[in-house]
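# Chains, contacts and geometry: an overview
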Amino acid sequence: MTSHVWHPYAHVKTQAPAPTVVAGQGAHFELEGGERLLDATCSWWCMIHGYRHPRLVEAIVEQAHTLCHVMLGGLTHEPAQRLAKELVRITPASLNHVFYSDSGSVGMEVAMKMALQYHVLTGNPGKARMLSLMKAYHGDTTGCMAVCDPEEGMHSLFSGLLPTHYFAPAPTASFHAGPEQVEYDLRALRGVLERHHQDVAALLMEPLLQAAGGLNMTSPEYLKGARALCDEFNVLLIADEVATGFGRTGKMFAVDHADITPDIMVLSKGLTGGYLGHAATLATDRVHDAFIGDSEQHAFMHGPTFMGNPLACRVALESLSVFEDDDYLGKIERLSAILNRELVGDAALSSHPLVADVRVLGATAVIEAISAEALDGVGDFARSNGVWLRPIGRWLYTMPAYITSDREMVEITDVMKAWFLADAGAERKSPTRQP
Ligand SMILES: *Cc1c(COP(=O)(O)O)cnc(C)c1O
């Protein structure tokens, strides 16, 4: 059957036909024909409760019977109010103001507009550019593309369309690096700020884990240093926690590892447990209060149609309750221990000639191969072993749903390891270990 669906990130000419998913349950989804796959990616990192979680499904159904949607322009409703209150409760102190939108990219667009307008309103209209990091990924919309890594991102094709921003080198120190070991990275960041701070509205950062740009992990010390530099140069710090938020790095938010408060923080993927598209851009009192005034410039001119959608807010509230009721941080710690034991702790894997690095942070693990070619066919291999893996470039990663059982977790790591550890040249074997 010809498909009229245009798939993301795919070559129309060479793409294999996409399998049809008919249902999901727990950490698995099911394909037409009955094939079941264990989802090692939790669907682009958002389905943190897995599929068909009864409490989340029920929350949506219940809300649908009351109010599916209403505009947030000039109106409000209980799910939007309650969710904002909850987000303020769980995020660092003084992030007290919540602006809703419908996706991570738009949440970042909102953050950038907010930062720029903040500086206009506080008498620094020259601060009109962003400072981002190499290896950054902040979304696919035009504004976001311009702050993604300019070499590996999509800059060159769209350079005629995109504004130009500043970039500092990606951090190189690992998660466990101490204050001295992040000095090199912070010096590089300081260098860019010293040269350009008059033009810079905000430093954008995926705290601790640059996700789509290659699962680059760094230290909370780097984050602390970046916070201090932002204060020194009157630059706002925007934490893009679209991927890291809601437990992915082992704490509720990545910034919690460093005990810092960003000026603006963006949440999306895990916000609704993946059940509906939504995002939240949170601002501190300092940022928000700059908008109190009666000039024309004081209104924040943004308002996506579906912002604060009641179904999305309601399921996000339920997602948070489940997260706390079922001790998800405990589950994440357990998953992390398994990932460390099975992947980082496997000497044969780390020393394999096709493996450049193996690293784990919270419920995220990556085997970095020496080249993308070294991963050619790994998706099909995983699928033939009942696991859904989709590498990014040379990075074979897992970001499992938090409800993934110990046994399922080992199933995933076994498949990831088996890709490398089967006899070279021979038909790759199925994982032999029985969990
Ligand atoms: C996925 C992602 C985005 C974009 O979110 P969308 O909902 O896909 O628009 C932005 N920032 C980070 C860090 C992401 O991982």
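Residues numbered from 1 in each chain as written. Predicted model: local features only at pLDDT ≥ 70, side-chain atom pairs only at ≥ 80, totals over all residues. Heavy atoms only, no water.

### Some words on the site of the ligand
If you check the shell around the ligand, you find Trp45, Ser103, Gly104, Ser105, Tyr137, His138, Gly139, Glu206, Asp240, Val242, Ala243 and Lys269 and nothing else. Interatomic distance of 2.6 Å between a side-chain N/O atom of Lys269 and an oxygen atom of the ligand. Out of a free accessible area of 380 Å², the ligand has 82% covered by protein chains. Tallied by class, the residues present in the shell around the ligand amount to 4 nonpolar, 5 polar and 3 charged. (Near = heavy atom within 4 Å. Polar contact = N/O pair within 3.5 Å; in protein donor to acceptor, adjacent residues only side chain to side chain. Areas by Shrake-Rupley, 256 points an atom, 1.4 Å probe, with all protein chains shown as cover. Nonpolar A, V, L, I, M, F, W, Y, C, P; charged D, E, K, R; others polar.)

### Description of the nonpolar core
As a rule of thumb, nonpolar side chains are buried together in soluble globular proteins. Leu189, Leu203 and Phe246 are the most contacted members of the largest nonpolar core, which totals 134 residues. The biggest single contributor to this core is helix α4 (residues 104-121), with 9 residues. Domain assignment of the residues forming this core places at least three in each of domain 1 (21-52 + 328-421) and domain 2 (57-325). (Core = buried A, V, L, I, M, F, W, Y, C linked by side-chain atoms within 4.5 Å. Buried < 20%, exposed > 50% of the residue type's maximum accessible area, 1.4 Å probe, protein only. Helix = DSSP H or I, 4+ residues; strand = E, 2+ residues; numbered from the N terminus. Domains from an automatic or database assignment.)

### Notes on the packing of aromatic side chains
Within this structure, the stated rule accounts for 11 aromatic pairs. Relative to Phe300, the ring of Phe99 has its centre 5.2 Å away and its plane inclined at 85°; by these criteria the two rings are edge-to-face. Here Phe300 lies in the loop between α10 (285-289) and α11 (310-325) and Phe99 lies in strand β4 (residues 95-101), a separation of 201 residues in the sequence. According to the relative accessible area criterion, Phe99 is buried, its value standing at 15%. On the numbers, 6.0 Å between centres and 90° between planes, the contact of Tyr328 with Tyr402 is edge-to-face. Remark: Tyr402 occurs in the loop between β16 (395-398) and α15 (406-421) and Tyr328 occurs in helix α12 (residues 328-344); sequence separation between them is 74 residues. (Phe/Tyr/Trp six-rings, centres within 6.5 Å; stacked < 30°, edge-to-face > 60°.)

### A closer look at the domain arrangement of the chain
For the chain, the domain assignment lists domain 1 (21-52 + 328-421) and domain 2 (57-325). Taken together, the contacts link 26 residues of domain 1 with 28 residues of domain 2. Across the domain 1/domain 2 interface, buried area totals approximately 2300 Å², and carbon plus sulfur atoms make up 67% of it. Looking at the side of domain 1 facing domain 2, the largest losses of area belong to Trp45, His49 and Leu361, adding up to 28% of the total buried there. Counting across the domain 1 and domain 2 interface gives 0 salt bridges. Linking domain 1 to domain 2 there are 12 residue pairs in polar contact (both at pLDDT 80 or more). Breaking the side of domain 1 that touches domain 2 down by element, the ones donating at least two residues are α1 (42-45), α12, β13 (355-361), β14 (364-369) and β16. Across the side of domain 1 that touches domain 2, the residue classes break down as 20 nonpolar, 4 polar and 2 charged. (Contact = heavy atoms within 4.5 Å. Buried area = accessible area lost by both parts, 1.4 Å probe. Salt bridge = Lys/Arg side-chain N within 4 Å of Asp/Glu carboxyl O.)

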